[in-house]
Amino acid sequence: SDSLISPPVSQLITMKTEISFQSADHTFRIFGDLYFPDDFNENASTLLPGILIVSGSGPLDRNGNAPTMKLNTSNRFAEHIVSSRSAERAIAVISYDKRGTGKS
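As the structure is a prediction and not an experimental result, all values here were calculated from the model.

A. Structural context of the overall build of the protein. Secondary structure assignment for the protein yields two helices and four strands. Scanning the protein from its N terminus toward the C terminus, one meets helices and strands in the order α-β-β-β-α-β. Of the contacts made within the protein by residues no fewer than 6 positions apart, 62% connect residues no fewer than 24 positions apart. Here the protein has roughly 6,900 Å² of accessible surface; of this, 55% comes from carbon and sulfur atoms.

B. How the structure looks around the sheet that holds strand β4 (residues 92–96). The mixed open sheet is built from four strands, whose spatial order is β1-β2-β4-β3. Since the sheet does not close on itself, it has two edges, and those belong to β1 (15–22) and β3 (50–53), each with one partner. The sheet shows a mean angle of 25 degrees between the axes of neighbouring strands, taken without regard to direction. With eight bridges connecting them, β1 and strand β2 (residues 29–36) associate as antiparallel partners. Residue pairing in the sheet places Glu18 in a bridge with Asp33 of β2.

C. Fine view of the pattern of salt bridges. Here the structure, examined in full by the defined rule, presents five salt bridges. A salt bridge links Asp33 to Lys16; the shortest N-O distance between them is 3.8 Å. Separated by 17 residues along the polypeptide, Asp33 in strand β2 and Lys16 in strand β1 bring together distant segments of the chain. On the accessibility criterion, Asp33 (7% relative accessible area) is buried. Relative accessible area serves as the criterion here: at 44%, Lys16 is assigned to the partly exposed category. Its salt-bridge partner being Glu18, residue Arg62 comes within 3.0 Å of it at the nearest N-O pair. With Arg62 in the loop between β3 and α2 (73–83) and Glu18 in strand β1, this residue pair connects regions lying 44 residues apart in the sequence. A relative accessible area of 41% means that Glu18 is categorised as partly exposed.

D. Region of interest: the side chain of Ser55. Note on placement: Ser55 falls in the loop between β3 and α2. When sequence neighbours within four positions are dropped, the list of residues in contact with Ser55 reads Leu60, Asp61, Ser74 and Lys98.

Here is what the cut-offs are and how they apply
Residues numbered from 1 in each chain as written. Predicted model: local features only at pLDDT ≥ 70, side-chain atom pairs only at ≥ 80, totals over all residues. Heavy atoms only, no water. Helix = DSSP H or I, 4+ residues; strand = E, 2+ residues; numbered from the N terminus. Contact = heavy atoms within 4.5 Å. Areas by Shrake-Rupley, 256 points an atom, 1.4 Å probe, with all protein chains shown as cover. Pairing = 2+ DSSP bridges. Axes fitted to C-alpha atoms, helices over the stretch in contact; angles between N-to-C directions. Salt bridge = Lys/Arg side-chain N within 4 Å of Asp/Glu carboxyl O. Buried < 20%, exposed > 50% of the residue type's maximum accessible area, 1.4 Å probe, protein only.

Below is the structure:
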């Protein structure tokens, strides 16, 4: 049924920000994306729970892509979780490029 189909993610997520952080030994930076719900108020004093997507084995970027396969599994998962209103509270999601992939 069409009523079960979600609207396009671009209509649900209004906040996706690229982030980066220094490695513990300060030899490289890790880059990724931080997804917020469309109605999140970043100036509010409330805490927002989050999910960190940790990719499987191999050279996967923040979107779950390998050099020879573009699957976009991580960003699809992140967009689904952030846009889902089944949870009582909003949730943020971070996905990142493994070292040596993407911008990391």
